[in-house]
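Coordinate analysis (summary)
So the chains spell out like this:
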Amino acid sequence: MLTDKIAVVTGASRGIGREIAKTLAARGAVVIVNYNGSAARAEEAVKEIEAAGGRAEAVQCNVSEFDKAAELMDYVVKKYGRVDILVNNAGITRDNLIMKMSEEDFDAVINTNLKGAFNCIKHVSRQMLKQRAGRIINISSVSGVAGNAGQANYSASKAGVIGLTKTVAREMASRGITCNAVAPGFIVTEMTDVLSDGVKEAVIGNIPMKRFGQTADVANAVAFLASEEAGYITGQVLCIDGGMCM
Ligand code: NAP
């Protein structure tokens, strides 16, 4: 159980982030449902959590902005007194072959997926070190583990998240703080809905389990890594991909 733990989940208005927020709340955590543009959907996530008897609050913040991420963490610490769990889930894609990829699309993906995670960890680190306790879980991707044609920006950001994870794990281990990454394969969300049927079929051909994953498959693993039981696990990358990357 995560009774009364204070959890921040970035990009929790929909998809995997929303499911993580719901799962942590169902286990007793108070969840900060962060979003950037989708206020209505974040409020909807909060209502779903409350309807199930959980506690949550929606807070807007563009995590790619260094100062805004600081404001988010300051707000949570001021209001709740601590941050026990940080899940860096906010992420975007701007796919294209590298030959055609614009500088703007490269920067946008790095700034949200990698710098956003850095910003949130950086601004929560002082509080977690003071607490001598904390759980940081970063959402990487199989694209960051194995690479993926058409995703130079996204793969680089998600591989960067793995390096960030291992370094933070080393820096903070002695203070009781763990930092791990999960690397989902293809999960049914709006991010993968845009793929054509042909691409989906080709992808499924490479998944030993012959199906896409569900958001709950990721959320359950994140909830475990956030728990007391996972206290001796740090610096790891857990692929949740139906066997694709083994
Ligand atoms: P999604 O449905 O597109 O949701 C993305 C979430 O991130 C939204 O809540 C969005 O909020 C938020 N977000 C985007 N930019 C943000 C920013 N600058 N600041 C704060 N929040 C921001 O994506 P998903 O499929 O659930 O993916 C969630 C995470 O899992 C991402 O990191 C993604 O890379 C990773 N992942 C997904 C898959 C997959 O198959 N779906 C596979 C591997 C990894 P707003 O709408 O408010 O902007």
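In what follows, the structure referred to is the one given above.
Report follows, based on the coordinates. Only a predicted model underlies this, so the values are computations on that prediction, with no experimental measurement involved.

1. Examining the pattern of salt bridges
If the charged atoms of two oppositely charged side chains come close together, the side chains can form a pair. Across all of its chains, the model carries ten salt bridges by this definition. Here D4 ties to R55 by a salt bridge, and the two come within 2.8 Å at their closest N and O atoms. Separated by 51 residues along the polypeptide, D4 in the segment before β1 (6-9) and R55 in strand β3 (residues 55-60) bring together distant segments of the chain. On the accessibility criterion, R55 (40% relative accessible area) is partly exposed. E44 is the partner of R18 in a salt bridge, and the nearest nitrogen-oxygen pair spans 2.8 Å. Highlighted residues: R18 in helix α1 (residues 15-26) and E44 in helix α2 (residues 39-51), separated in sequence by 26 residues. On the basis of relative accessibility, which here comes to 10%, the residue R18 falls in the buried class. Residue E44 is classed as partly exposed on the basis of its relative accessible area of 40%. Each of the salt bridges in this network shares a partner with another, and the network as a whole consists of R18, K22, E44 and E48.

2. Notes on helix α4 (residues 103-131)
Its 29 residues give α4 an end-to-end C-alpha distance of 40 Å, which sits within 8% of 42 Å, the value for a rise of 1.5 Å per residue. Taken as a whole, α4 carries its principal kink of about 45 degrees at S125. At the C-terminal side of α4, R132 shows a positive phi close to 55 degrees.

About the thresholds
Within any chain, residue numbers begin from 1 and follow the written order of that chain's sequence. Local features are withheld for residues below a pLDDT of 70 in this predicted model, meaning they are given only at 70 or higher, and side-chain atom pairs are given and counted only at 80 or more; totals for whole chains, interfaces and linings count all residues. With hydrogens and water excluded, all non-hydrogen atoms of the structure serve as input to the side-chain values. One side-chain nitrogen of Lys or Arg within 4 Å of one carboxyl oxygen of Asp or Glu is enough to make a salt bridge. Each helix corresponds to a stretch of at least 4 residues labelled H or I by DSSP, and each strand to a stretch of at least 2 residues labelled E; elements are numbered beginning at the N terminus. Residue burial is assigned from relative accessible area. The probe radius is 1.4 Å, only protein chains are included, and a residue is buried under 20% of its type maximum, exposed over 50%, and partly exposed in between. A helix is expected to reach a length of 1.5 Å times the quantity of its residues less one. We define the bend at each residue as the angle formed by axes fitted to the 7 residues ending at it and the 7 residues starting at it.

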